Amino acid sequence: MRSASPARMPAVVLAAILAIVTMMATTAAQGDSRRLYVQASPLSPVVAGLAEAPVAAHFDFGLLLVDALIAAYESELDPSGLEERRNAADRRKLGRWRQATLPLLAELRMAQAALYVASSVEVRMDPHNQILLLIDGRPLWVAWPRISAQPRLERELAAQFCRRHDCGRNHEDGSAYAALQPSGIGGQWVLSQQRPPAWEAADGLRCEFADLADRGAKETICRAVMADLHALAVVLREASRGGADIQWGHLSLQEDAGVGKHRVTVNERGDYVQVKIPALAANPVDWSAAGRWLQARIQGQPVAATVLRATRRR
């Protein structure tokens, strides 16, 4: 006998639809520019792999996912968060947000109960790169309470799932971007009399520095910038395959407030892609050089590019 049917699940669906409508309205208000591509979730390769996975894997993924969502929302509802807000207005605002969150948490708990008695569970990725969980045909769109924490939570979830199921040899943590993390980029320091000291990668990317002080910290920055460029190349390649008009000399980066990603404009019209690239946003990247490297990378051609240039201390 089935108790705890997710009868009220449409409330979660409505919340997701409202978020999408708001995003579409914002884009429309910006004129003729349009969003070309959104960086895929770290869970995308896992969801893609589930297409040929046994039914039990869908059930297991659904349980892990809903459990993680509940834990994330419960963490946001921790009363200690209110005490940390000294400003009374901030406390009231956070309190109202938490009151609005309680129904969503209730829906998730109902979905969790429904999973244990469901006849079918299916996991899909919708056209907006959002994960869709179908429990006996009833849809549940995945929405995390904090967008900024989403990549970390989804990487952890992918790793947990792939420790229990075969996610393929290339990306054991289920992330298509695993090889693009800073620790996965090989390179070395290069010293010469004619040029400033630099850290270079085998794929042509180069970061120059005024001196060798704090060499470890500088290498870490360079690796992070390079990892972001690799991630951006993946997104631009997908946009290009979709017929996007990418003008490599017009690449520019802006923070996309409220989305948790960055907006990279790709042409004069203002078309853009969304991708999380914090190191590129935080450092004085030479976008002319970066654009040349990205274009060559996507076309499968080798090219050297100094994307961070030495700045002399005063």
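Residues numbered from 1 in each chain as written. Predicted model: local features only at pLDDT ≥ 70, side-chain atom pairs only at ≥ 80, totals over all residues. Heavy atoms only, no water.

(A) Main features of the packing of aromatic side chains. Counted under the stated rule, the structure contains 2 aromatic pairs. Measuring from ring centre to ring centre gives 5.4 Å for F61 and F161, while their planes differ by 90°; the resulting arrangement is edge-to-face. With F61 in helix α3 (residues 55–76) and F161 in helix α6 (residues 150–164), this pair connects stretches of sequence that are 100 residues apart. The buried category is assigned to F61, whose relative accessible area is 0%. Ring centres of W189 and F209 lie 5.8 Å apart, and the angle between their planes is 50°; on these two criteria the pair is classed as tilted. (Phe/Tyr/Trp six-rings, centres within 6.5 Å; stacked < 30°, edge-to-face > 60°. Helix = DSSP H or I, 4+ residues; strand = E, 2+ residues; numbered from the N terminus. Buried < 20%, exposed > 50% of the residue type's maximum accessible area, 1.4 Å probe, protein only.)

(B) Here's a closer look at the confidence of the model for the protein chain. Overall, the prediction assigns the protein chain a mean pLDDT of 77, with 75% of residues at 70 or greater. Predicted confidence is poor over residues 1–31, with pLDDT under 50, and the contacts of this stretch with residues over four places away or in other chains come to 41 contacts. Long-range and interchain partners of residues 169–183, a stretch whose pLDDT sits below 50, account for 31 contacts in this model, where long-range means more than four residues apart. (pLDDT = per-residue confidence, 0-100. Contact = heavy atoms within 4.5 Å.)

(C) Main features of the state of the cysteines. Taken as a whole and judged by the stated rule, the model has 1 disulfide. Between the sulfur of C207 and that of C222 lies a disulfide, 2.2 Å long from S to S. Of note, the bridge from C207 to C222 carries an S-S torsion of about 85° and is right-handed in sense. Of the two residues, C207 sits in strand β7 (residues 205–208) while C222 sits in helix α7 (residues 215–241), which places them 15 residues apart along the sequence. (Disulfide = S-S within 2.5 Å.)

(D) Representation of the sheet that holds strand β4 (residues 138–141) in the model. Sheet architecture is open: 3 strands sit in the order β2-β3-β4, paired in antiparallel fashion. Unpaired on one side and paired on the other, β2 (121–125) and β4 mark the two borders of the sheet. Averaged over all pairs of adjacent strands, the angle between their axes in this sheet comes to 25°, without regard to strand direction. Where β2 meets strand β3 (residues 131–135), 5 bridges bridge the pair, whose relative direction is antiparallel. For R124, the partnering residue across the bridge sits in β3 and is L132. Here α3 sits on the sheet and contacts β2, β3 and β4; the angle it forms with β2, its principal contact strand, is near 70°. (Pairing = 2+ DSSP bridges. Axes fitted to C-alpha atoms, helices over the stretch in contact; angles between N-to-C directions.)

(E) Up close: the environment of D256. You can see D256 is positioned in strand β8 (residues 252–256). Put simply, D256 and V275 are 19 residues apart on the chain and 9.5 Å apart in space, counted from C-alpha to C-alpha. Dropping the residues within four chain positions of it, D256 is found in contact with K261, H262, R263, Y272 and Q274.

(F) Structural context of the sheet that holds strand β11 (residues 305–308). Sheet architecture is open: 4 strands sit in the order β5-β6-β7-β11, paired in mixed fashion. With partners counted over all chains shown, the strands left at the sheet margins are β5 (187–190) and β11, one partner each. Here the average twist between neighbouring strands, direction ignored, is 30°. Across 3 bridges, strand β6 (residues 198–201) lies against β7 in antiparallel orientation. In the sheet register, A198 faces β7, and the bridge partner there is E208. Against the sheet, α7 makes contact with β5, β6, β7 and β11, and its axis sits at roughly 145° relative to β7, the strand it touches most. Across the sheet, helix α9 (residues 287–298) touches β7 and β11, and the angle it forms with β11 is around 130°.

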